[in-house]
Amino acid sequence: MARPIWSGSLSFGLLNIPVSLMSGERRTDLSFRMLDSRDKKPIRFERVNADTGEEVPWKDIVKAFEYDKGSYVVIEKEDIASAAPESHESVDVEAFIDAGSIGTRFYEKPYILVPGKKAEKGYVLLRETLKKTGKIGIARVVIRTREYLCAVMPEDDALVLMLLRYPQELVDPADYKLPTGKASSYRIADKEFQMATQLIDSMSADWAPDAYHDEFRERLSDIIKKRIKAKGAKTKVVDDAPHREDASTNVVDFVALLQKSLKDNKRTPAGSSSDKVPVKKSTSKKAAKKTTKKATKSRTTKAAKKTTRKAS
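So, how was this worked out
Numbers given for residues are sequential positions, taken from 1 along each chain in its written order. Under the rules for a predicted model, residues below a pLDDT of 70 receive no local features and side-chain atom pairs below 80 are neither given nor counted, while totals for whole chains, interfaces and linings still include all residues. Note that the side-chain values use all heavy atoms of the structure and ignore hydrogens as well as water. Put simply, DSSP H or I for four residues or longer makes a helix, DSSP E for two residues or longer makes a strand, and each gets a number counted from the N terminus. The classification of residues rests on relative accessible area computed with a 1.4 Å probe and restricted to protein chains. Under 20% of the type maximum is buried, over 50% is exposed, and intermediate values are partly exposed. Two residues qualify as a contact provided that any one of their heavy atoms is within 4.5 Å of a heavy atom in the partner residue. Only the protein chains shown count as cover for residues, and all accessible areas are computed by the Shrake-Rupley method using a 1.4 Å probe. For Phe, Tyr and Trp, where Trp contributes only its six-membered ring, two rings pair if their centres lie within 6.5 Å, and the inter-plane angle classes them as stacked under 30 degrees, edge-to-face over 60, or tilted in between. The patches reported here contain residues having more than 30% relative accessible area and no salt bridge. Joining distances are 9 Å for like charges and 5 Å for nonpolar side chains (Val, Leu, Ile, Met, Phe, Trp, Tyr). Each reported salt bridge corresponds to a side-chain nitrogen of Lys or Arg within 4 Å of a carboxyl oxygen of Asp or Glu. One bridge is not enough; two strands pair if DSSP finds at least two bridges between them. Working definition of a nonpolar core: buried Ala, Val, Leu, Ile, Met, Phe, Trp, Tyr and Cys residues. They are joined through side-chain atoms within 4.5 Å. Note on definitions: angles span 0 to 180 degrees between N-to-C directions of axes, and those axes are lines fitted to C-alpha atoms, for helices only across the stretch in contact. Oblique is the label for every angle not falling under 35 degrees (roughly parallel), over 145 degrees (roughly antiparallel), or within 65 to 115 degrees (roughly perpendicular). By definition, turning the near helix anticlockwise from the far helix through less than a right angle yields a left-handed crossing, and turning it clockwise yields a right-handed one. Residue polarity follows a fixed list, in which Ala, Val, Leu, Ile, Met, Phe, Trp, Tyr, Cys and Pro are nonpolar, Asp, Glu, Lys and Arg are charged, and the others, Gly among them, are polar.

Draft legend 1. Region of interest: the overall build of the protein chain. Broken down by element type, the protein chain carries 6 helices and 9 strands. Across the 312 residues that make up the protein chain, the buried fraction comes to 19%. When contacts within the protein chain are restricted to residue pairs at least 6 apart in sequence, those whose partners lie at least 24 apart make up 59%. Entry remark: accessible area of the protein chain is about 26100 Å², with carbon and sulfur atoms responsible for 54%.

Right under this line is the structure:
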């Protein structure tokens, strides 16, 4: 059974709800070890002194901040402890805001708040009130030695604690060169808007997260199983996944692509070789005559052979 990261309370106003903070994600990445290709022995990474090359034991390692090239100031454990907030066992809600007012880029990592014994009433009260009002709580929580900004929100029977990024951690989109201005500035025709809207409507569906899975991880797991079965032998990997040529181009017939997308009822990347509208090739008169002569000659040869076989 999963162990709580910590046990404390969820507080807002004078109300305190005993809760346990449980992980809300499951790591499914495949982990690899580095081996020496010559004898397949594991590679060991050692902590060595950059000058002497000697290994340094953990007890002699300290944390430091490099404020200038080659210049450091050592940070002691006491410094970190004094900077950490005093409240380590409480999710302190500071305000309630509209659920849709936080931009998606602020969300970072989910946790599940599980009520303690005899704390179900307060837990359900907060959960259902948040659902009814369409609000979420903005709080602060200390996990280990760091304080995080977080949001407390209802999801089905659970109260979810979602870690949030601070504004300083986000890159302003304006830092990049993005297309600005009205759509008319990019000569987008009304027909293109209509067809794009029609395509989106035709592909609209309800959110079904169970329908999506990590296909790359599954294929890689199959390869690993084959290698294990072959006792380390090199197994040839057959890639059955369809490949797309996403060559970009500045001149794209969006109407043709949208029409094909609507017909196939699937996404078609701009510039893909499979998206080119077929063009009928015109045959010249000389080529047509040449083809006719070849066909006539072939029929004559076949007839002559047939007559020869009958005569014999």
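Further notes follow.
Draft legend 2. Layout of the packing of aromatic side chains. Here the structure, examined in full by the defined rule, presents 1 aromatic pair. Consider the rings of F12 and F96, whose centres lie 5.7 Å apart with planes at 90°: the pair is edge-to-face. Of the two residues, F12 sits in strand β1 (residues 6–12) while F96 sits in strand β5 (residues 90–98), which places them 84 residues apart along the sequence.

Draft legend 3. Representation of a nonpolar patch on the surface in the model. On the surface, a nonpolar cluster with roughly 460 Å² of combined accessible area is contributed by F65, Y67, V73, I75 and I80. Topologically, F65 is positioned in strand β3 (residues 63–68).

Draft legend 4. Layout of unusual backbone geometry. A positive phi angle is found at K118, which is not glycine, with a value near 60°. Residue placement: K118 occurs in the loop between β6 (107–115) and α2 (120–133). For R187, which is not glycine, the phi dihedral falls at a positive 50°. Within the secondary structure, R187 sits in the loop between β9 (158–164) and α3 (190–203).

Draft legend 5. Expanded view of the environment of L257. Considering the arrangement of structural elements, one finds L257 in helix α5 (residues 254–264). Residues L257 and M195, 62 residues apart in the sequence, show an inter-C-alpha distance of 9.9 Å.

Draft legend 6. Representation of the pattern of salt bridges in the model. As enumerated under the stated definition, the model contains 8 salt bridges in all. When the shortest N-O distance is used, the salt bridge between D36 and R38 registers 2.8 Å. Its salt-bridge partner being R44, residue E46 comes within 2.7 Å of it at the nearest N-O pair. Overall, the relative accessible area of 38% leaves E46 in the partly exposed class. Given a relative accessible area of 67%, R44 falls into the exposed group. Through salt bridges with shared partners, a single network forms among E94, R140 and E147.

Draft legend 7. Local environment of the pairing of strand β2 (residues 15–23). As paired strands, β1 and β2 are joined by 7 bridges and run antiparallel to one another. Residue pairing for β2: F12 is matched across the bridge by L15. In sequence, β1 turns back onto β2 through a hairpin of 2 residues, with G13 there showing a positive phi of about 65°. Judged from the 5 bridges that link them, β2 and β6 form a sheet pairing that is antiparallel. Bridge assignment links M22 to a residue of β6, and that residue is I112.

Draft legend 8. Representation of the nonpolar core within the structure. Core analysis: the biggest nonpolar cluster contains 24 residues, and L10, V91, L113, V141 and L161 have the highest contact counts within it. Residue assignment for this core shows that the elements contributing at least two residues are β1, β2, β5, β6, α2, β7 (135–143), β8 (146–155) and β9. When residues of this core are assigned to their parent elements, the largest contribution, 4 residues, is made by β9. If near-sequence neighbours (up to four positions away) are discounted, L161 is found in contact with L21, V91, K109, P110, Y111, L113, V141, C150 and A151.

Draft legend 9. Looking closely at the packing of α3 against α5. In the contact formed by α3 and α5, the axes pass within 10 Å of each other and the chain directions differ by 25°. As judged from the angle between their axes, α3 and α5 are roughly parallel. Handedness of the crossing formed by α3 with α5: left-handed. Of the residues in α5, those in contact with K191, E192, M195, A196, Q198, L199 and S202 of α3 are F254, V255, L258, Q259, S261 and L262. Grouping the constituent residues of the contact of α3 with α5 by class yields 7 nonpolar, 4 polar and 2 charged.

Draft legend 10. View of the side chain of S9. Checked against the element boundaries, S9 lands in strand β1. Note on S9: relative accessible area 17%, which makes it buried. In contact with S9, not counting residues within four places along its chain, are N16, I17, P18, V19, E89, S90 and V91.

By themselves, these are just geometric observations and shouldn't be taken as functional.
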